[in-house]
Amino acid sequence: MLREGTFLQDRYEIISRIGSGGMSDVYKSRDRKLNRLVAVKVLKDEFGHDNDFVRKFKMEAQAAAGLSHPNVVNVYDVVDEGSLHYIVMELVEGITLKDFIKSKGRLGLKETLGISIQVAQGIGAAHDQHIIHRDIKPQNIIISGDGTAKVADFGIARVESSETVNASAIGSVHYMSPEMAKGEYSDERSDIYSLGITIFEMITGKLPYEGDTSVSIALAHIGSDMPLASDFNPESTPELDNIILKCCQKKPERRYQRVEQVLADLRKALTMQQKPVPIEDEDDTDGHTRVLTPQEVGEINARAKVTSGKTQSARKSGGRKARRDLYDYEDENDSSLDKVLTIGGIILAVIVVAAVVWGILKFSGTIGSSADQINNALDVVSGDITPLSDKETYVPDVIELDYDLATNKLKDYSLSIEVRSEEYNDNIPANAIISQDPLPDTLIDKYSKVYVVVSKGSNKEDISNFLYQDVETVTTELRKKKYTVTRIDEYNNQFGEGIVFDINPLKPELEGPVTLKVSKGPEDKIVKVPVLLGRTEEEAIGLLADSGLLPGDPESIMIMPSDTVPAGNIISQSIAPDTEISVGSKIGYTVSSGQEVKTQSYVGSVKGQYAISDYFGPGTDGAQIDIMVRLHQVVNGEDVYTTLMEPRRITGNTIVPVKFDFIEGAYGVDTGQVEVVRSDTGEILKTFDVEFFNQ
C-alpha cells in the first residue's frame with residue numbers, strides 16, 4: 001500500500017487511496033508535470049511477480065491507452081517502476097452506476113435510455129479500436145458529477161477475465177455471456193450481451209438471473225429464458241424490452257452484431273418513448289383504492305401474530321434469534337416508557353418553543369445580531385447607560401442576506417434600503433448584499449437610508465468539463481456562450497489528434513477570452529527497428545520500448561514450434577531490423593514454443609440414445625430434469641471424467657441422442673463408459689461401453 005505523499009517517477013504524487021479490487025489498488029494522485037488530478041491503478045504484489053501476467057497486463061493497458069472518448073475513463077500512461085506496475089488514468093469524481101441504481105431503487109425510462117446510449121458509445125469506441133471489455137457491468141460504469149457515464153477498466157478487465165480466476169471474475173457472473181460462462185471464444189457480442197443485462201438492471205433495479213452459487217447463475221445464462229423488463233417496471237416500453245431481449249440472445253449470431261445497431265435502436269426508443277404508466281404510491285393518502293397483494297396480506301397476518309405475543313420465536317436460520325419487536329415488551333414496561341416519553345415530550349416542547357421565539361426575535365431584529373448589541377441591551381437593563389431615544393436605532397447587519405430579506409429586516413428597524421450599485425462577486429450569490437453603508441451596529445436616526453451594493457453573482461464559469469473532448473465540439477459550444485476562442489496546436493504523446501488537453505483559464509469571465517491547447521497527436525519521429533530475433537519476448541519488449549516502439553496487436557503476436565529456436569525466444573518479426581519507421585509504431589513477432597511434440601492418441605465412438613421417460617415413467621411430459629453426458633475412464637487406478645455434453649434442462653418426453661463419432665480418451669487406456677448423468681444429483685441414468693484404438 002502506497003503512503004500519502006509518495007512520488008512515482010518523480011511525477012505522480014499519491015494523495016489518498018480511493019479503491020481496491022481483486023488485482024489492484026487505486027489512488028487519487030496529482031500529475032505534477034501537467035498539474036492535473038489523475039487516478040493511479042497499481043498492480044498488487046501477488047500479480048506483480050508473474051512475468052506472463054504483467055506482460056499481458058501491459059499490452060492490454062497500452063492498447064487501451066489509444067482510446068480517447070468522453071464515455072470512457074481514459075488511460076494516460078502505463079509504467080514499470082522497479083517492482084511496481086501501474087497505469088495512470090483519468091480521475092472521475094462520481095459514483096458507480098451500481099450505487100446509483102441502489103440509491104434510486106430503479107431508474108426511469110428516460111434515465112435508462114440516456115445512460116445506455118452513453119455506455120454504448122463508450123463500448124463502440126473501444127470496439128472500433130479492436131478492444132473488447134469482457135467485464136461490462138454497473139460496477140465498471142461511473143456516473144460523473146455532470147451526469148456523464150464513463151466505462152472504466154478497458155484493457156484490464158480483459159486480462160482479469162481471460163487470465164485469472166479471482167473474486168472480480170466470479171462477481172461478474174451475473175453479467176457474463178453464455179459463451180464466456182462455457183469458456184468458449186468471446187468477441188464484441190459478449191460485451192453487447194453484458195450491456196443488455198446492465199440495461200435490464202437499470203430499468204428494473206433487479207438482475208434477471210439469481211442463484212445460490214456462481215455455477216447456478218452461469219447455467220441460467222446458458223439455458224433460462226430472459227424475463228421481460230416490463231414485468232418488473234411498467235414504465236419499460238416494448239421498444240426497450242425488444243432491445244434487451246435482442247442483446248441477450250443465447251447464441252451470439254442472433255444478437256446485435258455491432259454496438260452501432262444497439263445505439264440506433266436506443267435512440268429510436270428515446271424518441272418514441274411512451275408516457276410512464278402511473279403507479280399508486282404505497283403511502284398514498286388521497287383516497288385512491290389500492291388492492292393488497294397476497295404477499296402483503298400474508299405479511300400483515302404474520303406481523304399481527306408477532307404483536308399479539310410477548311416475544312418472537314427464534315428464527316429457523318442457524319439458531320439466530322429474530323429482532324425483538326417494539327410491541328414485545330411487558331405492559332408495565334410500556335406504561336413506564338409512556339411516562340418517560342410524556343415528561344420528555346413536555347421538556348422538548350418547552351425547548352422548541354423557546355428556540356422558535358428566539359429565532360423570531362432575532363430575525364425581526366428585536367435581538368441584535370452582534371455581541372455588542374447584546375452587551376448594550378444588558379447595559380440598558382442594568383442602568384449603566386441611557387436607553388436609546390425613540391428617534392434612534394442601530395443599523396442591523398444585512399450583508400450576505402438576499403435583497404428582499406435585507407429590505408424587510410431594515411423595515412423592522414424603521415430604516416429603508418437603496419441600491420448604490422450592482423457588482424459581480426465570486427463569493428456572494430446573485431441578489432444578495434455585498435456591502436452596506438452605514439456599517440452594522442452604527443447608531444443612526446430612524447427612517448434613514450442604508451445604501452447597499454448588490455451582487456450580480458459570479459462572472460466566471462467553470463468550463464473544465466470541456467477538457468479532453470473534440471476541439472470542434474468544444475469550440476462550437478464555447479462560441480455559443482459568446483466566448484472568444486483562441487486555438488493553439490501542439491504535439492502531444494498522450495492525446496489523439498484534435499483533442500483539447502488544456503484550457504486557459506478553466507474559469508474564465510463570462511464572454512471573455514479562452515485559449516484551447518489542441519493535440520496534434522504524437523510527434524512523428526523516425527527510429528530504426530531493433531533486432532528482436534533470438535531474444536526472449538521480455539527482452540524484445542524492452543528493446544521496442546527503448547526505441548519508442550510498441551508490441552503489435554494480439555493478433556500480430558503468434559506462437560509457433562521451432563526445432564532451432566529455444567522456447568520463449570523470437571523466431572521472426574513483422575518489420576525487418578534497421579527499417580526506419582515512426583515512433584509509436586507497432587511491431588508484431590512470432591515466439592517459439594520449442595520443438596513440436598508429436599503424440600499418439602486413443603479414440604473411440606458411441607452411438608445410442610436415452611429416453612427421459614424411462615426415468616420418470618409414462619405421463620410425465622411436463623417434467624424437467626438437468627442432464628449431462630460424460631466419459632468415465634480409469635487411469636492409473638483413478639476415475640477420470642471428461643464432459644461430452646454440458647448440463648442442460650430437458651423435458652420428460654425428450655429422447656437424448658448419445659452419438660459421438662470421435663471421442664479422445666486417455667493415452668494408453670483401451671476402454672471406458674459414456675454415462676448419461678443427472679447433473680444436479682450425480683445419479684447415473686444410463687451407460688454405454690466404449691472401446692478406444694491407438695491412432
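Before reading on, note that the structure itself is shown above.
What counts as what
- Residues numbered from 1 in each chain as written.
- Predicted model: local features only at pLDDT ≥ 70, side-chain atom pairs only at ≥ 80, totals over all residues.
- Heavy atoms only, no water.
- Helix = DSSP H or I, 4+ residues; strand = E, 2+ residues; numbered from the N terminus.
- Buried < 20%, exposed > 50% of the residue type's maximum accessible area, 1.4 Å probe, protein only.
- Contact = heavy atoms within 4.5 Å.
- Expected span 1.5 Å × (residues − 1).
- Arc of directions from axis to C-beta.
- Salt bridge = Lys/Arg side-chain N within 4 Å of Asp/Glu carboxyl O.
- Pairing = 2+ DSSP bridges.
- Axes fitted to C-alpha atoms, helices over the stretch in contact; angles between N-to-C directions.
- Disulfide = S-S within 2.5 Å.
- Phe/Tyr/Trp six-rings, centres within 6.5 Å; stacked < 30°, edge-to-face > 60°.
- Lys NZ or Arg CZ within 6 Å of the ring centre and 35° of its normal.

## Observations concerning the overall build of the protein
Piece 1. Helix and strand content of the protein: 18 helices and 31 strands.
Piece 2. Every one of the 695 residues in the protein was classed for burial, and the buried ones make up 39%.
Piece 3. Long-range contacts, defined here as pairs at least 24 residues apart, represent 64% of the contacts in the protein between residues at least 6 apart.

## A word on helix α11 (residues 259-271)
Piece 1. The terminal C-alpha atoms of α11, which comprises 13 residues, lie 19 Å apart, in line with the 18 Å expected from a rise of 1.5 Å per residue.
Piece 2. If you check which residues of α11 are buried, you get Val259, Val262, Leu263, Leu266 and Ala269. Looking straight down α11, one finds that the buried residues subtend no more than 125° of arc, so they occupy a single side.
Piece 3. In the core, the buried residues of α11 are packed alongside α4 (109-128), α8 (188-204) and α10 (238-247).

## As for the pattern of salt bridges
Piece 1. According to the stated counting rule, one finds 25 salt bridges in the structure shown.
Piece 2. The residue Asp31 makes a salt bridge to Arg36 at a minimum N-O spacing of 4.0 Å. For the pair Asp31 and Arg36, a shared accessibility class is recorded, and that class is buried.
Piece 3. Asp680 is the partner of Arg678 in a salt bridge, and the nearest nitrogen-oxygen pair spans 2.9 Å.
Piece 4. Classification of Arg678 as partly exposed rests on a relative accessible area of 22%.
Piece 5. Within this structure, Arg11, Asp31 and Arg36 form a network of salt bridges that share partners.

## Looking at the sheet that holds strand β30 (residues 683-691)
Piece 1. With antiparallel pairing, the four strands of this open sheet are ordered in space as β27-β26-β29-β30. Sheet topology places β27 (638-651) and β30 at the edges, where each strand pairs with a single neighbour. Between one strand and the next, the sheet's axes are offset by a mean angle of 20°, whatever the strand orientation.

## Quick word on α4
Three- or four-residue spacings in an α-helix give side chains the same orientation, since the helix completes a turn every 3.6 residues.
Piece 1. Across its 20 residues, α4 extends 28 Å between first and last C-alpha, which sits within 8% of the 28 Å expected from 1.5 Å per residue.
Piece 2. With respect to burial, α4 is a largely interior element, 15 of its 20 residues being buried.
Piece 3. Looking one or two places after α4, you find His130, whose phi comes out positive at around 60°.

## Things to note about the state of the cysteines
Piece 1. This model, assessed by the stated rule, comprises zero disulfides.
Piece 2. Counting only cysteine sulfurs, Cys248 is the nearest neighbor of Cys247, a cysteine outside any disulfide, at a range of 5.9 Å.
Piece 3. The class of Cys247 is buried, set by a relative accessible area of 0%.

## A look at unusual backbone geometry
Piece 1. The step from Asp437 to Pro438 runs through a cis peptide bond, and the omega angle for that step is 5°.
Piece 2. Structurally, Pro438 is set in the loop between β12 (433-437) and β13 (443-445).
Piece 3. Cis peptide bonds are those with omega within 30 degrees of zero, and the linkage from Asn504 to Pro505 qualifies with -5°.
Piece 4. Position of Pro505 among the secondary structure elements: in the loop between β16 (500-504) and β17 (513-519).
Piece 5. Of note in this structure, Asn431 is not a glycine but carries a positive phi near 75°.
Piece 6. One non-glycine residue with positive phi stands out, namely Asp441, at about 75°.
Piece 7. Inspection of the secondary structure assignment puts Asp441 in the loop between β12 and β13.

## With respect to the packing of aromatic side chains
Piece 1. All told, the structure shown has seven aromatic pairs when counted by the stated rule.
Piece 2. Judged by centre distance (5.3 Å) and plane angle (5°), the rings of Tyr468 and Phe495 are stacked. Of the two residues, Tyr468 is situated in the loop between β14 (449-455) and α16 (471-480) and Phe495 in the loop between β15 (484-490) and β16; the sequence distance between them amounts to 27 residues.
Piece 3. For Phe495, a relative accessible area of 6% translates into the label buried.
Piece 4. Note on Phe495 and Phe501: the rings are 6.1 Å apart at their centroids and 10° apart in plane angle, and the pair reads as stacked. Take Phe495 and Phe501: they sit in the same class, and that class is buried.
Piece 5. One aromatic cluster is present, formed by Tyr76, Tyr468, Phe495 and Phe501 through successive ring pairs.
Piece 6. Here the basic side chain of Lys246 rests over the ring of Tyr256, its NZ or CZ set 4.8 Å away from the ring centre.
Piece 7. The ring of Tyr491 is capped by Lys520, whose NZ or CZ atom sits 4.2 Å from the centre of that ring.

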